[in-house]
Amino acid sequence: MGKLGFISIVIAALALVLGQRILNLRTRAFASRELAQKHLPNCVLLKNIYHGSEDITITGDGLAFISSGLKYPGLPSTDVTGKIFFLDMTNHRMKPVELRMPRNFDLESFNPHGISLYTDPSDDAIYLFVVNHPEHNSQVEIFHFVRDDHSLVHLKTIQHELLHSVNDIVALGVESFYATNDHYFTNELLKTLVEILLLQPWTNVVYYSPEEVKVVSEGYYFANGVNISPDKRHVYVVDLLDHNVHVLERKEDNALVQVKAVAVGSLCDNVEVDAVTGDLWLGCHPNAMKVLRFDPTDPPGSEVIQIKNIHSDQPVVTQVYEDDGNVIMGSSVAATYGKKLLIGTVFHKTLCCDLE
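Only a predicted model underlies this, so the values are computations on that prediction, with no experimental measurement involved.

Visitor: Can you explain the overall build of the protein? Please cite residues and give values.
Guide: Of the regular secondary structure elements, the protein holds 3 helices and 24 strands. In terms of overall dimensions, the protein is globule-like: its C-alpha atoms have a radius of gyration of 20 Å, near the 21 Å expected for 356 residues. With respect to the principal axes defined by its C-alpha atoms, the protein has extents near 80 × 50 × 45 Å. Burial status across the protein gives 54% buried among its 356 residues. Across the protein, contacts joining residues at least 24 apart in sequence account for 54% of those joining residues at least 6 apart. Carbon and sulfur atoms make up 53% of the accessible area of the protein, which amounts to about 16100 Å² in all.

This is how it looks when you write it as structure tokens:
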């Protein structure tokens, strides 16, 4: 065989492998899925939020915190700086207000992603944990929420080599948390091209405290949302590209042990937990390929999935809401308070609906 023939065979083999990887990616992204309409009553778009509401978390007394303005590689974004909004769910006006940020904080590079709340039982102080990507790096900001004037006081920035590609976070104490890394590599080209095409279960969950930092769970294709059960005994991790929610048992040393995985049939993003019922609520991407190749004339849709009785032998997985993108694009989170449902998005608006 001549040199030219050998090169031709190598090129053909590489093309075949690449074609298979692209086909695999399209399959996992549900690229051929046609979106339907399954709406809820009395849905209204909230005012003031026009550049995403990637994550939403709500206190037990109805105070919602919303991260906005995320700039994430490969996804639509604007030059608007990141913001944190506050919404009192008990107020019938349902109007979000932008929280005042501290002067000693770099607002120009603020790029908020996942968020979590911790309420100190000793004094009811509320701490807001925010995943921040200044210049596309990863770090965690800890703020104290001042209710009287709707402001945040910056307490600490946390950086660590194990927190290299943080997506979401769940607070455990005033300085401790679990966090998901959604990529294995740190290089942008390797993250956004090579890693996605290879599609290997390389991502993980990290435990952080001032005393100890360690990987506590791994083997995810794209570790995304993370949250904790009301009794703090179990942690839920969403694997976006494997279409599963993993149930993990929390040990005394904060290690996590796999219990089971529940299939959701969609590319789910963040997960919120109802503090009363323990139900899981997920904002999902029913056709993720439409998000990646964003076309306003063929917009990405939105989907909300609820999981009841997740610890039972037969969890109940229900599609609560679906839209083809004409109302709301790219849903990333769903959070409830009472009979209200908030649906947040990566780069679009925020929808509030009544639950039937």
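Visitor: Tell me about the UniProt feature "active site" (unreviewed entry) in the protein, and please be specific about residues and values.
Guide: Per the UniProt annotation, the sites labelled "active site" (unreviewed entry) are His113. Relative to the elements of secondary structure, histidine 113 occurs in strand 6 (residues 112–119). Residues in contact with histidine 113, not counting those within four places in the same chain, are Glu54, Asp55, Ser67, Leu70, Tyr72, Val131, His133, Val166, Asn167 and Asp182.

Visitor: Go over the UniProt feature "binding site: Ca(2+) 1" (unreviewed entry) in the protein with me, naming the residues and quoting the values.
Guide: UniProt's feature table lists "binding site: Ca(2+) 1" (unreviewed entry) at Asp55, Ile115, Asn167, Asp168, Asn224, Asp269 and Asn270, given in the numbering used throughout. Maximum C-alpha separation among the annotated residues is 12.9 Å over a sequence range of 216 residues, consistent with a single clustered spot. With respect to the helices and strands, aspartate 55 occurs in strand 2 (residues 55–58). Setting aside chain neighbours within four positions, we find aspartate 55 in contact with Phe65, Ile66, Ser67, His113, Gly114, Ile115, Asp168, Asn270, Glu272 and Val333. By the element assignment, asparagine 224 lies in strand 14 (residues 223–228).

Visitor: Break down the state of the cysteines for me, with residues and values.
Guide: What the rule picks out here adds up to 2 disulfides. The partner cysteine of cysteine 43 in its disulfide is cysteine 353, sulfur to sulfur 2.0 Å. Because the sign of the S-S torsion sets the handedness, a value of about 115 degrees for the bond joining cysteine 43 and cysteine 353 places this disulfide among the right-handed ones. With a gap of 310 residues between them, cysteine 43 in the loop between helix 1 (3–28) and strand 1 (44–45) and cysteine 353 in strand 24 (residues 351–354) connect regions that are remote in the sequence. A residue is classified by how much of its surface remains accessible, and cysteine 353, at 0% relative accessible area, is buried. Covalently, cysteine 268 is tied to cysteine 284 through a disulfide, its sulfur atoms 2.2 Å apart. On the S-S bond that ties cysteine 268 to cysteine 284, the torsion sits near 85 degrees, and the link is right-handed. Here cysteine 268 is found in strand 18 (residues 267–273), whereas its partner cysteine 284 is found in strand 19 (residues 280–285), with 16 residues between them in sequence.

Visitor: Got a sec to walk through the environment of cysteine 43? Specific residues and values, please.
Guide: A relative accessible area of 28% places cysteine 43 in the partly exposed class. As a C-alpha pair, cysteine 43 and valine 206 span 163 residues in sequence and 37 Å in three-dimensional space. Beyond its immediate chain neighbours, meaning those up to four positions away, cysteine 43 contacts Tyr321, Leu351, Cys352 and Cys353.

Visitor: I'd like a description of the packing of aromatic side chains, backed by residues and values.
Guide: Under the defined criterion, the tally for this structure stands at 12 aromatic pairs. Here the aromatic rings of phenylalanine 177 and tyrosine 208 are separated by 5.0 Å at their centres, their planes lie at 15 degrees, and the arrangement is stacked. Of this pair, phenylalanine 177 sits in strand 11 (residues 177–181) while tyrosine 208 sits in strand 12 (residues 203–208), placing them 31 residues apart in sequence. For the residue pair phenylalanine 177 and tyrosine 208, the accessibility class agrees, reading buried in each case. Consider the rings of tyrosine 184 and tryptophan 202, whose centres lie 5.3 Å apart with planes at 50 degrees: the pair is tilted. Of this pair, tyrosine 184 sits in the loop between strand 11 and helix 2 (188–198) while tryptophan 202 is found in the loop between helix 2 and strand 12, placing the two residues 18 residues apart along the sequence. Judged by its relative accessible area of 46%, tyrosine 184 is partly exposed. Cluster of aromatic residues (ring-pair linked, three or more members): Phe65, Phe86 and Phe145.

Visitor: With reference to specific residues and values, describe helix 2.
Guide: Buried residues of helix 2: Lys191, Glu195, Ile196 and Leu197, and no others. Of the residues flanking the start of helix 2, the one acting as N-cap is asparagine 187, its side-chain oxygen 2.9 Å from the backbone nitrogen of leucine 189. Just beyond helix 2, the residue with positive phi is leucine 199, at close to 50 degrees.

Scoring rules and cut-offs
- Sequence order sets the numbering: in each chain, residues are counted from 1 along the sequence as written.
- Side-chain atom pairs in this predicted model are given and counted only at pLDDT of 80 or more, local residue features only at pLDDT of at least 70, and totals for whole chains, interfaces and linings cover all residues.
- Excluding hydrogens and water, the side-chain figures rest on all heavy atoms present in the structure.
- Here a helix means four or more residues in a row that DSSP labels H or I, a strand means two or more in a row labelled E, and each is numbered from the N terminus.
- Here the radius of gyration uses the C-alpha set of atoms, whereas the globule reference equals 2.2 Å times the residue count to the power 0.38.
- Summary of the burial criterion: residues with accessible area below 20% of their type's maximum are buried, those above 50% are exposed, and those between are partly exposed, where the area comes from a 1.4 Å probe applied to protein chains only.
- Should any heavy atoms of two residues lie within 4.5 Å, those residues are considered in contact.
- Here the Shrake-Rupley method, with its probe set to 1.4 Å, supplies the accessible areas, and only the displayed protein chains count as covering residues.
- UniProt positions are given in the numbering used here, feature names are shortened, and annotations may be inferred rather than shown by experiment.
- Any pair of cysteine sulfurs within 2.5 Å is marked as a disulfide.
- Here a pair means two rings of Phe, Tyr or Trp (six-membered ring of Trp) with centres within 6.5 Å. Their orientation is stacked below 30 degrees between planes, edge-to-face above 60, and tilted elsewhere.
- We define a polar contact as two N or O atoms separated by no more than 3.5 Å, with the added condition that, inside protein, one atom must be a possible hydrogen donor and the other a possible acceptor, whereas residues neighbouring each other in sequence contribute only through side-chain atom pairs.

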